[in-house]
Amino acid sequence: FIPLNLGNSHWALAVMEPCERRLTYYDSLMNRNRGMAKLKEIQTYFQAIPAERSVDTSLLEYLMQRLSLRSTEPFRLAIASCEQQSDGHSCGVFV
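Residues numbered from 1 in each chain as written. Predicted model: local features only at pLDDT ≥ 70, side-chain atom pairs only at ≥ 80, totals over all residues. Heavy atoms only, no water.

Caption draft 1: The arrangement of the overall build of the protein chain in detail. For the protein chain, the count of helices and strands is three helices and four strands. Buried positions account for 32% of the 95 residues belonging to the protein chain. Considering only residue pairs separated by 6 or more positions, the protein chain has 53% of its internal contacts joining residues 24 or more positions apart. For the protein chain, the accessible surface area stands at approximately 6300 Å², while carbon and sulfur atoms represent 54% of it. (Helix = DSSP H or I, 4+ residues; strand = E, 2+ residues; numbered from the N terminus. Buried < 20%, exposed > 50% of the residue type's maximum accessible area, 1.4 Å probe, protein only. Contact = heavy atoms within 4.5 Å. Areas by Shrake-Rupley, 256 points an atom, 1.4 Å probe, with all protein chains shown as cover.)

Caption draft 2: Molecular detail of the pattern of salt bridges. Taken as a whole, this structure holds three salt bridges when the rule is applied. For arginine 22, the salt bridge identified is with glutamate 17, shortest N-O distance 2.9 Å. With relative accessibility at 24%, the residue arginine 22 sits in the partly exposed group. (Salt bridge = Lys/Arg side-chain N within 4 Å of Asp/Glu carboxyl O.)

Caption draft 3: Local environment of unusual backbone geometry. Residue asparagine 8 is not a glycine yet carries a positive backbone phi of 55 degrees. Position of asparagine 8 relative to the elements: it lies in the loop between strand S1 (2-6) and strand S2 (10-17). Despite not being glycine, arginine 21 shows a phi value in the positive range, around 55 degrees. With respect to the element layout, arginine 21 can be found in the loop between S2 and strand S3 (22-26).

Caption draft 4: Here's a closer look at the pairing of S2. Counting buried residues along S2, six of its eight residues qualify, which places the element largely inside the surrounding structure. By the bridge criterion, five bridges tie S1 to S2 in an arrangement that is antiparallel. Within S2, the residue paired with leucine 6 across the bridge is histidine 10. Connecting S1 to the antiparallel partner S2 that follows it, the hairpin turn spans three residues, and glycine 7 within it adopts a positive phi of roughly 65 degrees. The pairing of S2 with S3 spans five bridges and is classified as antiparallel. Counterpart to alanine 14 in the pairing with S3 is tyrosine 25. Two successive antiparallel strands, S2 and S3, enclose a turn made up of four residues, where arginine 21 displays a positive phi of approximately 55 degrees. (Pairing = 2+ DSSP bridges.)

Caption draft 5: Region of interest: the side chain of serine 28. As for its placement among the helices and strands, serine 28 is situated in the loop between S3 and helix H1 (32-48). Under the relative-accessibility criterion, serine 28 is labelled buried at 4%. Among the polar contacts made by the side chain of serine 28, one reaches the side chain of glutamine 85 at a distance of 2.5 Å. Apart from the residues within four sequence positions on either side, serine 28 is in contact with His10, Cys82, Glu83, Gln84, Gln85, Cys91 and Phe94. (Polar contact = N/O pair within 3.5 Å; in protein donor to acceptor, adjacent residues only side chain to side chain.)

Okay, structure coming up:
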């Protein structure tokens, strides 16, 4: 689960399913364009992880193997339908 703060004014949620190679975006003030942009940003971040060697490599290798992050197959990106908030301030509850 990846909580996302959008512009210091709204919260949304991304869910990463490594074994399924899927990233899903949930937003109680649905904005499909913003959601897809955030998912692509997250996808880029996870694809760059193997190049980063500043942590214990044995732990990193283990986690990447267990989370199926070593694959070169890109994550499928999805925008999920979810309950929508009826005001401008309760987004945190939906996350």
